[in-house]
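Spelled out, the chains give:
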Amino acid sequence: RSSDRSFRERGEKMTAFHALRVSRHVLLNRAHMLLYSLAILALLRHRVSCLLSSSRFIPLLLAELILAFMWVGSQATRWRPVRRHEFPDRLLREVDPAAFPALDVFICTADPHREPPISVVSTALSAMAFDYPPDRLSIYVSDDGGSAVTLFALMEASRFARYWLPFCKENGLLDRSPEAYFRSNIGGDSDKMKVMYESTKEKVERAMERGYVGNDVVFGAEERELFEKWKEFTRHDHPSVIQVLLQSSKDSDIMGNEMPNLIYVSREKRPSSHHHFKAGALNVLTRVSSAMSNAPVILTLDCDMYCNNPRAALHALCYFLDPVVSADLAYVQFPQCFHGINENDIYASEIKRLFKINPRGMDGLRGPNYVGTGCFFSRRSLHSTGLPAHRGSSASESALQKAVEAAACSFELGTKWGSSIGFRYGSLVEDFHTGYRLHCEGWKSVFCDPARPAFLGDGPKNLNDVLSQCKRWCVGLYEVAFSRFNPLTFGTTKASFSMGLIYAHYACWGTWCVPITVYGLLPPLALMYRTPFFPKALSLSLSLSLSEFASWGCLQLLVLFQVSDPWFFVYAYLFTAAYGQDLVEFLADGATIRRWWSDQRMWMTRGVTSFLFGTIQFGLNHIGISAPGFNVTSKVAEEEQNERYERGVLDLGVQSPFFVALGTVAAVNLSSLVVGIARAATTEGFLDEQFAQLFLSGFVAANCWPIYEAMFLRSDGGRMPRSITVISLTVAGLLLYMGYLVFHV
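Residues numbered from 1 in each chain as written. Predicted model: local features only at pLDDT ≥ 70, side-chain atom pairs only at ≥ 80, totals over all residues. Heavy atoms only, no water.

1. Some thoughts on the overall build of the chain
Okay, step 1: Across its full length, the chain carries 30 helices and 16 strands.
Okay, step 2: With the principal axes as the frame, the chain shows a C-alpha extent of 95 × 60 × 60 Å.
Okay, step 3: In the chain, of all internal contacts separated by at least 6 residues, the share reaching a separation of at least 24 is 81%.
Okay, step 4: For the chain, the accessible area works out to roughly 32100 Å², and carbon and sulfur atoms hold 59% of it.
Okay, step 5: Treating the 73 positive side-chain charges of the chain as one cloud and the 71 negative ones as another, the clouds have centres 6 Å apart. (Helix = DSSP H or I, 4+ residues; strand = E, 2+ residues; numbered from the N terminus. Contact = heavy atoms within 4.5 Å. Areas by Shrake-Rupley, 256 points an atom, 1.4 Å probe, with all protein chains shown as cover. Lys, Arg positive; Asp, Glu negative; His and termini not counted. Charge placed at Lys NZ, Arg CZ, Asp CG, Glu CD.)

2. Quick word on the sheet that holds strand β13 (residues 444-447)
In any sheet, the strands associate via hydrogen bonds between backbone groups, in a parallel or an antiparallel arrangement.
Okay, step 1: One open sheet accounts for eight strands, arranged β6-β7-β5-β4-β8-β12-β10-β13; its pairing is mixed. Each edge of the open sheet carries a strand with a single partner, namely β6 (241-246) and β13. When the angles between neighbouring strand axes are averaged without regard to direction, this sheet yields 20°.
Okay, step 2: Across three bridges, the pairing between strand β10 (residues 329-333) and strand β12 (residues 375-378) is antiparallel. When the bridges of β12 are listed, Q333 appears paired with C375.
Okay, step 3: In this fold helix α6 (residues 148-171) packs onto β4 (103-109), β5 (137-143), β6 and β7 (261-266), with an angle of close to 15° to the strand it touches most, β6.
Okay, step 4: Here helix α10 (residues 277-292) sits on the sheet in contact with β4, β5, β6, β7 and β8 (297-302), set at roughly 145° to β4. (Pairing = 2+ DSSP bridges. Axes fitted to C-alpha atoms, helices over the stretch in contact; angles between N-to-C directions.)

3. Here's the deal with the sheet that holds strand β9 (residues 306-307)
Okay, step 1: Pairing is mixed across the open sheet formed by three strands, whose spatial order is β9-β14-β11. Two strands close off the open sheet at either side, each with one partner strand: β9 and β11 (337-339).
Okay, step 2: When β9 meets strand β14 (residues 455-458), the two strands line up antiparallel, connected through two bridges. When the bridges of β14 are listed, Y306 appears paired with L456.

4. Topic: the confidence of the model for the chain
Okay, step 1: Counting all residues, the mean pLDDT for the chain is 89, and 90% of those residues have values of 70 or more.
Okay, step 2: Predicted confidence is poor over residues 386-390, with pLDDT under 50, and the contacts of this stretch with residues over four places away or in other chains come to 17 contacts.
Okay, step 3: Counted against residues more than four places away or in other chains, residues 630-637, with its pLDDT under 50, gives 15 contacts. (pLDDT = per-residue confidence, 0-100.)

5. Examining the pairing of β4
Okay, step 1: Burial within β4 is extensive, with seven of its seven residues counted as buried.
Okay, step 2: Burial of the side chains of β4 extends over both faces: L103, V105, I107 and T109 are buried on one face and D104, F106 and C108 on the other.
Okay, step 3: Both β4 and β5 contribute to a ladder of seven bridges, which runs parallel. Looking at the pairing, D104 lines up with S138 of β5. (Buried < 20%, exposed > 50% of the residue type's maximum accessible area, 1.4 Å probe, protein only.)

6. Some words on the packing of helix α23 (residues 567-588) against helix α24 (residues 593-608)
Okay, step 1: Two numbers describe how α23 lies on α24: the axes approach to 10 Å, and their chain directions differ by 130°. On the basis of the axis angle, α23 is oblique to α24. In terms of crossing hand, the pair formed by α23 and α24 is right-handed. Residues Y579, D582, L583, F586 and L587 of α23 touch α24, and the partners they reach there are I593, W596, D599, Q600, W603 and M604.
Okay, step 2: In terms of residue class, the contact of α23 with α24 is built from eight nonpolar, one polar and two charged. (Parallel < 35°, antiparallel > 145°, perpendicular 65-115°, else oblique. Left-handed = near helix turned anticlockwise from the far one by under 90°. Nonpolar A, V, L, I, M, F, W, Y, C, P; charged D, E, K, R; others polar.)

7. Let's talk about the packing of aromatic side chains
Okay, step 1: If you walk through the whole model with that rule in mind, you get 48 aromatic pairs.
Okay, step 2: An angle of 35° between the planes, with centres 5.6 Å apart, marks the rings of F100 and Y132 as tilted. Taken together, the residues span a long stretch of sequence, with F100 in the loop between α4 (88-94) and β4 and Y132 in the loop between α5 (117-128) and β5 at a distance of 32 residues.
Okay, step 3: The ring of F533 has R56 lying over it, and the distance from NZ or CZ to the ring centre is 5.8 Å.
Okay, step 4: Above the plane of the ring of W417 lies R287, whose end atom (NZ or CZ) is 4.9 Å from the centre. (Phe/Tyr/Trp six-rings, centres within 6.5 Å; stacked < 30°, edge-to-face > 60°. Lys NZ or Arg CZ within 6 Å of the ring centre and 35° of its normal.)

8. Here's the deal with helix α15 (residues 397-406)
Okay, step 1: Buried within α15 are the following residues: A399, A403 and A406. Seen end-on, α15 carries its buried residues on one side only, within an arc spanning 60°.
Okay, step 2: Tucked into the core, α15 has its buried residues touching β6 and α10. (Arc of directions from axis to C-beta.)

9. Examining the nonpolar core
Okay, step 1: Formed by 200 residues in total, the largest nonpolar core has its most connected members in W164, F376 and F455.
Okay, step 2: For this core, the leading source of residues is α6, giving 14 residues.
Okay, step 3: Those residues in contact with W164, other than ones at most four positions away along the chain, are L125, L173, D175, R176, S177, P178, Y181, F182 and M193.
Okay, step 4: Among the nonpolar cores identified, the runner-up in size contains seven residues, and I357, Y579, F586 and W596 belong to it. (Core = buried A, V, L, I, M, F, W, Y, C linked by side-chain atoms within 4.5 Å.)

10. Quick notes on the pattern of salt bridges
Okay, step 1: Per the stated rule, a full pass over the model turns up 32 salt bridges.
Okay, step 2: Between D302 and K278 there is a salt bridge, with its nearest N and O atoms 2.7 Å apart. Of the two residues, D302 sits in strand β8 while K278 sits in helix α10, which places them 24 residues apart along the sequence.
Okay, step 3: Owing to a relative accessible area of 22%, D302 belongs among the partly exposed residues under this scheme. (Salt bridge = Lys/Arg side-chain N within 4 Å of Asp/Glu carboxyl O.)

11. Description of the environment of H46
Okay, step 1: Along the chain, H46 turns up in helix α2 (residues 26-51).
Okay, step 2: In sequence terms H46 and M193 are 147 residues apart; their C-alpha atoms lie 70 Å from each other.

12. Quick notes on helix α8 (residues 189-210)
Okay, step 1: Between its terminal C-alpha atoms α8 stretches 32 Å, which fits the 32 Å expected from 22 residues at 1.5 Å a residue.
Okay, step 2: Buried within α8 are the following residues: S190, M193, Y197, T200, K201, V204 and A207. Around the axis of α8, the buried residues are gathered within 125° of arc, so they sit on the same side. Seen from the open side of α8, the exposed residues pointing more than 90 degrees away from its buried face are K192, V195 and E209.
Okay, step 3: Where the residues of α8 are buried, they touch α5, α6 and α7 (178-184).
Okay, step 4: Trailing α8 by a residue or two, G211 shows a phi angle of about 85°, which is positive. (Expected span 1.5 Å × (residues − 1).)

13. Remarks on unusual backbone geometry
Okay, step 1: We note that H276 has phi near 60°; this positive angle belongs to a residue other than glycine.
Okay, step 2: Structurally, H276 is set in the loop between β7 and α10.
Okay, step 3: The exposure class of H276 is partly exposed, given its relative accessible area of 27%.
Okay, step 4: In the Ramachandran plot, R530 falls in the positive-phi region, its phi being about 55° despite a non-glycine side chain.

14. Some thoughts on the environment of G520
Okay, step 1: The residue G520 is located in helix α20 (residues 513-528) in this model.
Okay, step 2: Each C-alpha atom, one on G520 and one on V213, is 53 Å from the other, the two residues being 307 residues apart in sequence.

15. Some points on the side chain of T725
Okay, step 1: Within the secondary structure, T725 sits in helix α30 (residues 722-743).
Okay, step 2: Residue T725 is classed as buried on the basis of its relative accessible area of 6%.
Okay, step 3: Leaving out residues up to four positions away in the same chain, T725 has contacts with M711, F712 and M720.

Next comes the structure, spelled out in C-alpha cells:
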C-alpha cells in the first residue's frame, strides 16, 4: 500500500496490476530534437555549398544524409519514453491461481554441437519451476537439429525434475536453472542435489561425445525401439517426432505434486521442403501446442536463455489479465540480459540501446519490438482460431495424431502460415519481422523490466562471433526494408508515423556502414595530403616568441585563440551533443562510462565489419550472386578464451575478413595521426586548417588501441594472426597510395 501511494505521488498512471510513468526528460528531449534538427539542416546547407566548389565532398554529403536519416528515425524513441511497474502480489491476492490462463513455453534449439543439450535441459527445468500452477504449464522443446541426444537429454531432465522442482519450491530458490544455481551454491541438501544433477549431466555429455544414445543408458523397451529407429534419420530428412515426456494429469514429483507437461518436438524435415528456419519451428510449435494444450498465453525462449525470475509469468499476467490493455495486447517483451559479462563489457554484449533504452521509448507509442526470446504472446495475436484444447489428455491418440499432422512439411501448403498467420517468413530476423507486422495489424505490446532480470543468457566470448551474429541481423533487416512491407511506405501508414520511423531506423541498420567507413577513411587520408574537409578551427590572433608564449597565463592564451570559421561550431555541436546525449542515457540506465565507451567502440567496429559485409552480402544475394557467410570456428581452447575475456582483452585469434577491415582502418588512422601531429608541430597554419580531421583520426585511433595491441604488442592466442596483420597493412598502404593519387597529384 505504501508503494501504491508513492506511485500516485509521482503522478504515475495506475491500473489494478501495473503502473506507468512518463520520463521526466520528455520536454528536454523534444527541445534538443528541435535544436539538433536545425543544426543538421545548417550542416547540410553548408555541405551542399561546398559541393558546388568541389566534387570531393560527395562521399561526405552522402554519409551525412544517412546520419541525418538515422538520427531522425531514432528520435521517435525519445518522444515519449515510459517506465512501467507491475504488482504481482496484488495479482495473487485478487486472482485465484487456479483461474490463471494456461501457459505454453516454446524453447527452440537447432544444433546440438553449437547449443549443448545440457544447456537446453537447464533452460527447460528453469521454465518448469515457474511460480505457476503446474497443471496449467506446458513446456515444448523444438529440436530442429533432429538429435537423438537432445531427446535423451530431455528424458533425463524429466527424471531429474521430479527432485529438482520440489527442491526449488521448498527452499524458495530464485535461481531455478540448475546450471546457474550450482555455480554459486554448495553445502547441505545442495550437495546431494548437485551430485544428482552432475550424474544427469555426465550421461548427457557422454552421449554427446559418442554421437549416439547407447542401450546402456536407455531404460525400457519403448525407448530402445525409438532410438533404434533414430539411426535411420538424418538431420535434414526425417519424419515428425513428438514425445510426451511428462504429463500433468499422470506424473508427479517425489512429494506427490503435479508436474508440468514436457513435450519434445522435432518437425518433419525433407530435402525438397523449405523449413523457414526458426520462424518455421515456432509455427510448428504453435500448431502442435494448439492440438495438445492450446494455452492462450505463449512464452518463446532461446535454448540458452534460462528463467532467472520465477515470477516472470506473473509480471506478464499483470497486463494480460487487465481488461483495459489486454484487448489489443499482442505480447509482453522482457529485455535480453546476460550473465558472465566482464566488467567493461568489451563486446557491448548488453546491446543496451537495442534491448533496454529504445524499447522504453517504443513503449510510450505502440510498444517495443519483439526480440526473439523472453516474450509472452497472446495466442490469438498469432492466429485467431485454434484446435479444441485436450486439457488433462494432451497425450491422447487424437491429440498426438493432430500434432503429428501439424508438424508435417506439407501442412502449410496453400495456407497463410508465415504470411499473415503465426511467426512471419521472409527475413532472417523473424522476430523483428513478426513484431513489426503485428504492430502494422493494429496490435500493441508492452515492455516489462522487473528489478530482477526475468531471463539470462550466455553472451559471446569472442569478437568474431559477435560480428557474425550482427552481420546476419543486418542481412535480415535489409530483407524487410526491401520488401513490400518497407517501414517507410507500409509501416508509417499501417502502424503509425512514429513507429514506422523507428522500424525504418532498424531496417536500415546496415547503412551505418556508409558514414562510419567514410568518416573512418576519407578524413585521415585527406589529412595526409593537407586536403581540408571541414571548416577551419582555431588560429592564433598574433605572433609571439616562445618565451613570451610560455609566460602568458591560461586565460590570456584563450584570448589569443579564435574560431576561423563559424561553421566549425555547427560540426562541433553535432558531434558533442550526439555523444553527450548517448552517454547521459547510458548512465541513466545504470551503465558505467567504461561500458559506454565499449558500446560506442563496438558501434564503430560493426560499421566497418558487420554492417559493411552484411550490406555487400545482401546486395550480392539481391542480384542473384551467392555470397558465402563467414562461419569461422575458433581453434583456441575455450578456457584460454574465457580467461582473456575476464581480463577484458579482445579475442582476434581467428582468420576472419572482419579483422582485415578492422586492421586496415586502424593502420590508416594511426599513420595519419602520426603525420598530422608531426606537421602540426612544424608547419604554421596546419592545425588551424586540419584540426577537425586530426581530431577524428585521434578519436578513431583511441578506439583502435585494442586492435593495435592485437596487431603488434600481444603474443597470446587471441592476438591477430600475422597473415591478417600483413594483409591489413598492405591494404592500408594501397589506400594511402590511392589517397596520394586523388588528393595530391
